[in-house]
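# A look at the structure
Read off the chains here:
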Amino acid sequence: MIDHKLNTRGIEPQGPIVGIDLGTTNSLIGIYDGGFSIIFANSEGSRLTPSVVSYSEELAPLIGHVAERQALLYPEKTIISVKRLMGQRIGDPQCAGRNHLYGKSGDPLKIKLGDKLVTPEEVSAEILKELKSIAEERLGVSVSRAIITVPAYFNDAQRQATRRAGELAGFCVERIISEPTAAALAYGLDKLKDQSKIAVYDFGGGTFDLSILKLDHGLFEVLSTCGDTNLGGDTMDQALMELLLGKLALKNSLDLKSLTRLHQIVRSAKEELSYNEEIILRLPFLHHRASEEVTLTRRELEDIALPIIERTRSLCLRALADAELEAQDLDEVILVGGATRMPVVRSFVEQLFCKPPNLTQHPDEAVVMGALLQGAILQGNLENLTLLDITPLSLGIETFGGLMNVIIPRNTTIPTKAGELFTNARTDQNKMKITLLQGERELAKDNWKLGELELSFTPARKGEARVGVQFSIDANGILEVLARDITSGEEKIIELAHAIDVSDEAVEAMISDSLEHAFEDRDARLFTEAKLQAEEMLPAVENALRELHSLLSSDMQNALRARMDDVRLALKQEELTSLKKGLQELDQATQGLATLLVEKAMHELD
Ligand code: AMP
């Protein structure tokens, strides 16, 4: 989702636009200048600044490597992975297992760090301020415009929280862009003349995203995207910690300080095992114990990591299915995020997509590269490149029998416009209630209701009124629904802000529900459709029987009544197979009735 705003003071700021990857584990800042993409190194000479903030009573907060060191001494004043808490409320799934959280269930959360009570936005703003000062020091000018990246599945609250963090840090946030899209932008720049389809497999510290994009002569189009906000290198660290605590018989006995220390050791061990087959972990004086050494092999790590990596498989397959592609149709699979350095992740991706992943992008830097290139595009320094966004869930209206009628399917590129014609279910009906829905389920009641509008139209016989319903979504994700009576021209319009910004968990839940209930949903839809057909046919046949009474033999009349009884029984028993069979037989039995009716009418005219 791309959006744009003036800064908090309402001023359109001047100056260069920096690109920022505000990561769960590490953050980066860079700029496109004079034809070069530059990522700035911090005062420790590293382009990665750990997304860690440590508060103290007297001093300004410490950020980055220095805060990471403080985490060992003052874990109660130090916070890691704050990105997971952005836009969350107390009790949300992302809060599970987190220390320091403060507030009543359902409240926007606060974090208690030492004697400070801060919001996730304020913590993120500290990281952003640090990045800002790194860029200003390197550039020698003040920097106030930024593009910030977020995971593709960040919902509106999380994006707004990120924007607020940027503003608190003194930035005008020019755009919030999706991380995989940014990575693809970085990747696609040197392939401008090609038409290609690529998958971005983004496995970072806290989140996993798989996006499928089409690159066509400088136009980037996201075909589909699927992800999990709670899956990444941190998940592996957690599993590895448990293995170690088990090995050392230390379960439940470590205090926060020792746990923090162990977490850092475990994380570096995991990272080292990407390059070594075996390492020795030195565990210094944990929980009043003597210093210990434990050997850890890549094999052991992979045994733990593989089930976690496997969880990305169904998400990848879903994204491929949504894009209507097979793995073989992809030209490239690119890897983004620190966890993709693991050999086991690379071979998993190779096996899943039937081709070796493209490693030309630096897994830590592709996202910030894309962000700074987007900055260059906005400033007019790079031409012929556009980014498009997609609808995460289908949009439609409720139609006869309580069914979902999809107007804009999931994963449609925005901006987009689509419409359909509807008619009246009853004679002399003069109003139509249009219920706007979002979701992937077949029955309206299982989807989310976005809103409702009522349109009056010229009364007409059943099936004769014509009401056009048009959905359009603009580049900012605003959905406008227009309903028009084609006869009178009367129309109603309703506008819904951010119809494409749906919470990531909600999208995931909706999709997994739709998969889980796929068969029963399909049967429910088929039954409703057959029921509607039966409700049309039964009165029509009754009517024909009355009209043709004198022309039909009693055998024929009895046969027709028997077929109608079969249909009624199947309806009563809600039996789809017998209903379909009954309708088919009734249809065959009534062949010829229409001709007889026409002949009778002609005869009456004579
Ligand atoms: P990101 O969110 O993209 O910065 O990725 C951070 C995650 O990548 C953390 O879980 C890191 O431990 C992990 N990571 C970084 N380097 C490596 C490596 N060499 N091998 C395995 N995991 C790594």
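Thresholds applied
Residues numbered from 1 in each chain as written. Predicted model: local features only at pLDDT ≥ 70, side-chain atom pairs only at ≥ 80, totals over all residues. Heavy atoms only, no water. Near = heavy atom within 4 Å. Polar contact = N/O pair within 3.5 Å; in protein donor to acceptor, adjacent residues only side chain to side chain. Areas by Shrake-Rupley, 256 points an atom, 1.4 Å probe, with all protein chains shown as cover. 1 Å grid on protein atoms, 1.4 Å probe; cavity = no way out; pocket = protein on both sides within 12 Å on 5 of 7 lines; lining within 4 Å. Sits in = over half its atoms within 2 Å of the grid points. Helix = DSSP H or I, 4+ residues; strand = E, 2+ residues; numbered from the N terminus. Nonpolar A, V, L, I, M, F, W, Y, C, P; charged D, E, K, R; others polar. Expected span 1.5 Å × (residues − 1). Buried < 20%, exposed > 50% of the residue type's maximum accessible area, 1.4 Å probe, protein only. Contact = heavy atoms within 4.5 Å. Points joined across faces, edges and corners; volume = space filled by probe spheres on them. pLDDT = per-residue confidence, 0-100. Axes fitted to C-alpha atoms, helices over the stretch in contact; angles between N-to-C directions. Parallel < 35°, antiparallel > 145°, perpendicular 65-115°, else oblique. Pairing = 2+ DSSP bridges.

### Re the site of the ligand
- Residues in contact with the ligand amount to 16 residues; listed here are only the nearest, Gly205, Lys270, Glu271, Ser274 and Gly338.
- Note that an oxygen atom of the ligand is positioned 2.6 Å from one of the side-chain N or O atoms of glutamate 271.
- Taking arginine 341, its side chain carries an N or O atom lying 3.2 Å from a nitrogen atom of the ligand.
- When the free accessible area of the ligand is taken as 510 Å², the share hidden by the protein chains comes to 89%.
- If you map the ligand onto the pockets, it falls in the second largest pocket.
- Mapped onto the shell around the ligand, the elements with two or more residues apiece are α5 (233-247) and α6 (256-272).
- Considering every element that reaches the shell around the ligand, the biggest residue donor is α6, with 3 residues.
- Class assignment of the residues belonging to the shell around the ligand gives a composition of 3 nonpolar, 8 polar and 5 charged.

### Section: α5
- Between its first and last C-alpha, α5 extends 21 Å over 15 residues, near the 21 Å set by a 1.5 Å rise per residue.
- Along α5, the residues that are buried comprise Gly233, Asp234, Thr235, Met236, Asp237, Leu240, Met241, Leu244 and Leu245.
- Buried positions along α5 lie against β13 (195-203), α6, β16 (278-283), β17 (292-297) and α7 (298-322).
- Among the residues trailing α5, alanine 249 stands out with phi positive, at a value near 50 degrees.

### Observations concerning the layout of surface pockets
- Computed from the structure, the largest pocket encloses a volume of approximately 1100 Å³.
- For the largest pocket, the lining is made up of 37 residues, of which Ile80, Gly97, Asn99, Gln238 and His263 are closest to its centre.
- Looking at the lining of the largest pocket, the elements with two or more residues in it are α1 (65-73), β7 (78-79), α5 and α6.
- At 7 residues, the largest contribution of residues to the lining of the largest pocket is made by α5.
- Class assignment for the residues of the lining of the largest pocket results in 13 nonpolar, 16 polar and 8 charged.
- The volume enclosed by the second largest pocket comes to roughly 720 Å³.
- Lining of the second largest pocket is provided by 34 residues; of these, Thr25, Asn26, Gly205, Gly338 and Asp364 occupy positions nearest its centre.
- Of all the elements in the fold, those that place two or more residues in the lining of the second largest pocket are β2 (26-33), α5 and α6.
- Among the elements that take part in the lining of the second largest pocket, α6 stands out by supplying 5 residues, more than any other.
- Of the residues that constitute the lining of the second largest pocket, the class distribution is 8 nonpolar, 14 polar and 12 charged.

### Overview of the confidence of the model for the protein
- Scored by pLDDT, the protein comes out at a mean of 84, with 91% of its residues at no less than 70.
- The spread of mean pLDDT over the elements of the protein runs between strand β19 (residues 386-387), the lowest at 56, and helix α8 (residues 343-353), the highest at 97.
- Contacts from residues 1-12, a stretch scored under 50 in pLDDT, to residues over four places away or in other chains number 39 contacts.

### Observations concerning the packing of helix α4 (residues 179-188) against helix α9 (residues 366-378)
- At a minimum axis separation of 7 Å, α4 and α9 run at an interaxial angle of 80 degrees. Relative to α9, the element α4 lies roughly perpendicular. When α4 is examined against α9, the residues Glu179, Ala182, Ala183, Leu185 and Ala186 are found in contact with a partner set consisting of Ala366, Val367, Met369, Gly370, Ala371, Leu373, Gln374 and Ile377.
- A per-class count over the contact of α4 with α9 returns 10 nonpolar, 2 polar and 1 charged.

### Quick notes on the sheet that holds strand β6 (residues 62-63)
- Reading across the sheet, the 3 strands line up as β6-β5-β7 and stay open at both edges, with antiparallel pairing between neighbours. Both edges of this open sheet fall to β6 and β7, since each of them pairs with a single strand only.
- Relative to β6, strand β5 (residues 53-54) runs antiparallel, the two being bridged by 2 bridges. Note that in β6 the partner of serine 54 across the bridge is leucine 62.

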